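Below, each chain spelled out in residue letters.
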Amino acid sequence: MTAGLEKACHRCISKIASNACFIFGLLAFLALPLSMTFTGMKFLEDCPVQPLIPLYLLVGGVIGSLKVTLLLYNSTRMRQLLSKSVVIDDDDDDEYPWRQNAHKYYIHLTLSLFLFLWFILGNYWVFSVYLPNFIPPFHQPQDYCDKTLYIFAVGVLIISHTVLFLLIFCSCCIYCFSRQRYSSDED
């Protein structure tokens, strides 16, 4: 990517992140990791057939809440700076404007990587016992999983798959359109 395109992408992301609708969307999205955390805590001992399912919800909810909270903080901070008319000089020689906040970038990258790996593990844990007994059987009382917990975990995974698909699809569309626009600007 050329320096001009990188700066344009940085400006575009800054404008999106400082948008009030984006902030309200993050607040609404915060409900999912918080509900994951509470469901994981409430049903921590209620899935002996796969005890990692409530742990998946609990840890994923806590780390997801942390990630969304950090995104909210960064977005509101950007809105405050823009409302005070703090103008970032576009003529600076820094081709990589994210270097100024490299620690924040690496924190978000680490959290995102952890959440992605945790998502893959959650898929394995939840779907490895697909449709468990929801009522403890008399002959094997450890061979069940609470129905609310399991259905919630499956729902979280379906929502996560949908969001992941939409992010990949939208990213590809944006890349294709920006590539097309960038190539037409050079002509």
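Residues numbered from 1 in each chain as written. Predicted model: local features only at pLDDT ≥ 70, side-chain atom pairs only at ≥ 80, totals over all residues. Heavy atoms only, no water.

Asker: I'd like a description of the side chain of S65, backed by residues and values.
Answerer: Its location among the elements puts S65 in helix α4 (residues 52–83). Non-local contacts of S65, meaning those with residues more than four positions away in its chain, are made with L30, P33, L34 and T37. (Helix = DSSP H or I, 4+ residues; strand = E, 2+ residues; numbered from the N terminus. Contact = heavy atoms within 4.5 Å.)

Asker: Go over a nonpolar patch on the surface with me, naming the residues and quoting the values.
Answerer: A cluster of nonpolar side chains, namely L113, F116, L117, I120, L164 and I168, defines an oily patch on the protein surface of about 530 Å² accessible area. At the level of elements, α5 (102–127) and α6 (147–186) are the ones that each hand at least two residues to the nonpolar patch. The leading source of residues in the nonpolar patch is α5, at four residues. With respect to the helices, strands and loops of the structure, F116 is situated in helix α5. (Patch = residues over 30% accessible without salt bridge, like charges linked within 9 Å, V, L, I, M, F, W, Y side chains within 5 Å. Areas by Shrake-Rupley, 256 points an atom, 1.4 Å probe, with all protein chains shown as cover. Salt bridge = Lys/Arg side-chain N within 4 Å of Asp/Glu carboxyl O.)

Asker: An account of the side chain of H108 is needed here, citing residue identities and associated values.
Answerer: Relative to the helices and strands, H108 is located in helix α5. Note on H108: relative accessible area 13%, which makes it buried. Among the polar contacts listed, one links the side chain of H108 to the side chain of N74, at a separation of 2.9 Å. When sequence neighbours within four positions are dropped, the list of residues in contact with H108 reads K67, L70, L71 and N74. (Buried < 20%, exposed > 50% of the residue type's maximum accessible area, 1.4 Å probe, protein only. Polar contact = N/O pair within 3.5 Å; in protein donor to acceptor, adjacent residues only side chain to side chain.)

Asker: I'd like to hear about the packing of aromatic side chains, residue by residue, with values.
Answerer: Under the definition given, this model contains eight aromatic pairs. Consider the rings of Y56 and W118, whose centres lie 6.5 Å apart with planes at 25 degrees: the pair is stacked. Highlighted residues: Y56 in helix α4 and W118 in helix α5, separated in sequence by 62 residues. In this pair, the class of Y56 matches that of W118, namely buried. When the centroid spacing of 5.3 Å and the interplanar angle of 70 degrees are considered together, the rings of Y105 and Y106 count as edge-to-face. Residue classification places Y105 among the partly exposed positions, given a relative accessible area of 42%. Taken together through their ring pairs, the aromatic side chains of Y56, F114, W118 and W125 make up a single cluster. (Phe/Tyr/Trp six-rings, centres within 6.5 Å; stacked < 30°, edge-to-face > 60°.)

Asker: So what about the environment of T39? Which residues, and what values?
Answerer: Along the polypeptide, T39 turns up in helix α3 (residues 31–42). In the structure, T39 is positioned 114 residues away from A153 in sequence and 9.1 Å away in space, judged by C-alpha atoms. Dropping the residues within four chain positions of it, T39 is found in contact with L57, L149 and F152.

Asker: Residue-level account of the state of the cysteines, with values.
Answerer: According to the stated counting rule, one finds one disulfide in the structure shown. The disulfide partner of C47 is C145, and the gap between their sulfur atoms is 2.1 Å. Negative torsions about the S-S bond denote left-handed disulfides, and the value of about -110 degrees found for C47 with C145 makes this one left-handed. Taken together, the residues C47 in the loop between α3 and α4 and C145 in the loop between α5 and α6 connect sequence positions 98 residues apart. Classification of C47 by relative accessible area gives buried; the value is 2%. Classification of C145 by relative accessible area gives buried; the value is 0%. No disulfide involves C172; its sulfur sits 6.5 Å from that of C176, the nearest cysteine. (Disulfide = S-S within 2.5 Å.)

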